[in-house]
Amino acid sequence: MNIKPLFDRIVIEPLETEEKTKSGIVLLAKDQEKPQIARVTAVGPGGLVDGKDVKMVVKVGDKVIYSKYAGSEFKVDDKTFTVMRQSDVLAVVED
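Report on the accompanying structure.

Rules of the game
Residues numbered from 1 in each chain as written. Predicted model: local features only at pLDDT ≥ 70, side-chain atom pairs only at ≥ 80, totals over all residues. Heavy atoms only, no water. Helix = DSSP H or I, 4+ residues; strand = E, 2+ residues; numbered from the N terminus. Buried < 20%, exposed > 50% of the residue type's maximum accessible area, 1.4 Å probe, protein only. Contact = heavy atoms within 4.5 Å. Core = buried A, V, L, I, M, F, W, Y, C linked by side-chain atoms within 4.5 Å. Patch = residues over 30% accessible without salt bridge, like charges linked within 9 Å, V, L, I, M, F, W, Y side chains within 5 Å. Areas by Shrake-Rupley, 256 points an atom, 1.4 Å probe, with all protein chains shown as cover. Salt bridge = Lys/Arg side-chain N within 4 Å of Asp/Glu carboxyl O. Pairing = 2+ DSSP bridges. Phe/Tyr/Trp six-rings, centres within 6.5 Å; stacked < 30°, edge-to-face > 60°.

1. A short note on the overall build of the protein chain
A count of helical and extended segments in the protein chain gives zero helices and eight strands. Going from N to C terminus, the protein chain has its helices and strands arranged as β-β-β-β-β-β-β-β. Across the 95 residues that make up the protein chain, the buried fraction comes to 26%. Relative to all contacts within the protein chain whose residues are 6 or more apart in sequence, the contacts with residues 24 or more apart total 65%.

2. Thoughts on the nonpolar core
Of all hydrophobic cores here, the largest spans twelve residues; its members are Ile10, Ile12, Ala38, Val40, Val43, Met56, Val58, Val64, Tyr66, Ala70, Met84 and Val89. Mapped by element, the contributors of at least two residues to this core are strand S1 (9–14), strand S2 (37–43) and strand S5 (63–66). No other element matches the three residues that S2 contributes to this core. Excluding residues within four positions of it along the chain, Ala70 makes contact with Thr82, Met84 and Asp88.

3. Topic: a nonpolar patch on the surface
Together, Ile37, Ile65 and Leu90 make up an exposed nonpolar region whose accessible area comes to about 240 Å². Within the secondary structure, Ile65 is located in strand S5. Exposure remark for Ile65: the relative accessible area of 31% places this residue in the partly exposed category.

4. Here's the deal with the pairing of S1
Looking at chain direction, S1 and strand S7 (residues 79–85) are connected through four bridges and run antiparallel. Note on S7: the bridge partner recorded for Val11 is Val83.

5. Thoughts on the packing of aromatic side chains
Per the counting criterion, the structure on display carries one aromatic pair. Both rings, one in Phe74 and one in Phe81, keep their centres 5.7 Å apart while their planes meet at 25°; by these two values the pair is stacked. The class of Phe81 is buried, set by a relative accessible area of 12%.

6. Some details on the environment of Asp88
Summarising the element assignment, Asp88 is placed in the loop between S7 and strand S8 (89–93). With 79 residues separating them along the chain, Asp88 and Arg9 place their C-alpha atoms 9.5 Å apart. Those residues in contact with Asp88 that sit more than four places away from it in its chain are Tyr66, Ser67, Ala70 and Gly71.

7. Description of the pattern of salt bridges
All chains considered together, the criterion is met by two salt bridges. Across the salt bridge formed by Asp8 and Arg85, the nearest N and O atoms sit 3.0 Å from each other. Placement of Asp8 in the segment before S1 and of Arg85 in strand S7 is noted, with a sequence separation of 77 residues between them. A residue is classified by how much of its surface remains accessible, and Asp8, at 8% relative accessible area, is buried.

Written as structure tokens, this is what we have:
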């Protein structure tokens, strides 16, 4: 399935979280925090949004840190994705 976000929206796929702490304690799924680091899988065209010209800064493949409760989640083929506004991205992680 090909997903094309509109306007200033992006689609992200959360990256897997560690299942162990640094000291080696295994965490149950319910005890793990929702990850806030994700890979961008699709980017909208930007343009005029709410009377302001929005330039898209993030691109497909970027690793980003985003606001904890941002966007709307959906599932495709057992993978979880989130659609959010570009303004909900806090930073781009450079490796």
